[in-house]
Amino acid sequence: MSASLHPTETHQRRHRKQKRDKLRARLAKAPAGARAAIEAKILRTYPVGSEPQPPKPKAPDAPPAPVTA
């Protein structure tokens, strides 16, 4: 997490992560019949794409542009 965030924002992000982790743990333990309800709750609460995206790989360094005088 970025250190430039306000303490409240950092706390909220951490709390949301804890909630997601708790739901995922319940999902892993749940029997097959109960998983559908938990998955529906996860999708309703955290729609697809709401999690932070992984950083994109950097483009390879391009050769410097020629200097014309």
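Okay, so let's go over this structure. (Residues numbered from 1 in each chain as written. Predicted model: local features only at pLDDT ≥ 70, side-chain atom pairs only at ≥ 80, totals over all residues. Heavy atoms only, no water.)

Regarding the overall build of the protein chain
- Each helix and strand in the protein chain was counted, giving two helices and zero strands.
- Residues classed as buried in the protein chain amount to 13% of the 69 residues present.
- Taken as a whole, the protein chain presents about 6,500 Å² of accessible surface, with 60% of it coming from carbon and sulfur. (Helix = DSSP H or I, 4+ residues; strand = E, 2+ residues; numbered from the N terminus. Buried < 20%, exposed > 50% of the residue type's maximum accessible area, 1.4 Å probe, protein only. Areas by Shrake-Rupley, 256 points an atom, 1.4 Å probe, with all protein chains shown as cover.)

Overview of helix α1 (residues 7-29)
- Taking 1.5 Å of rise per residue, 23 residues should cover 33 Å, and α1 covers 33 Å from first to last C-alpha, within 8% of that figure.
- Of the surrounding secondary structure, the elements contacted by the buried residues of α1 are α2 (32-45). (Expected span 1.5 Å × (residues − 1). Contact = heavy atoms within 4.5 Å.)

Digging into the nonpolar core
- If you look at the biggest cluster of nonpolar residues, it comprises five residues: L23, L27, A30, I38 and I42.
- Mapped onto this core, the elements with two or more residues apiece are α1 and α2.
- Leave out the neighbours within four places in its chain, and A30 touches R35 and I38. (Core = buried A, V, L, I, M, F, W, Y, C linked by side-chain atoms within 4.5 Å.)

With respect to the environment of L23
- Turning to its location among the elements, L23 is positioned in helix α1.
- Overall, the relative accessible area of 9% leaves L23 in the buried class.
- It is 7.3 Å that separates the C-alpha atoms of L23 and I42, two residues lying 19 residues apart in sequence.

Concerning the pattern of salt bridges
- What the rule picks out here adds up to two salt bridges.
- Note that D21 and K17 form a salt bridge whose closest N and O atoms lie 2.9 Å from each other. Within this pair, D21 and its partner K17 are both found in helix α1, separated by four residues, close to a single helical turn.
- You can call D21 partly exposed: its relative accessible area is 34%.
- Taking the shortest distance from any N to any O, the salt bridge between R24 and D21 comes out at 3.8 Å. (Salt bridge = Lys/Arg side-chain N within 4 Å of Asp/Glu carboxyl O.)

Describing a positive patch on the surface
- Positive charge collects at one region of the surface, where K19, K22, R26, K41 and R44 lie side by side.
- Put simply, the parts of the chain that give the positive patch at least two residues each are α1 and α2.
- For the positive patch, the element with the highest residue contribution is α1, accounting for three residues.
- As for its placement among the helices and strands, K22 is situated in helix α1.
- On the basis of relative accessibility, which here comes to 60%, the residue K22 falls in the exposed class. (Patch = residues over 30% accessible without salt bridge, like charges linked within 9 Å, V, L, I, M, F, W, Y side chains within 5 Å. Lys, Arg positive; Asp, Glu negative; His and termini not counted. Charge placed at Lys NZ, Arg CZ, Asp CG, Glu CD.)

None of this, on its own, says anything about what the molecule does.
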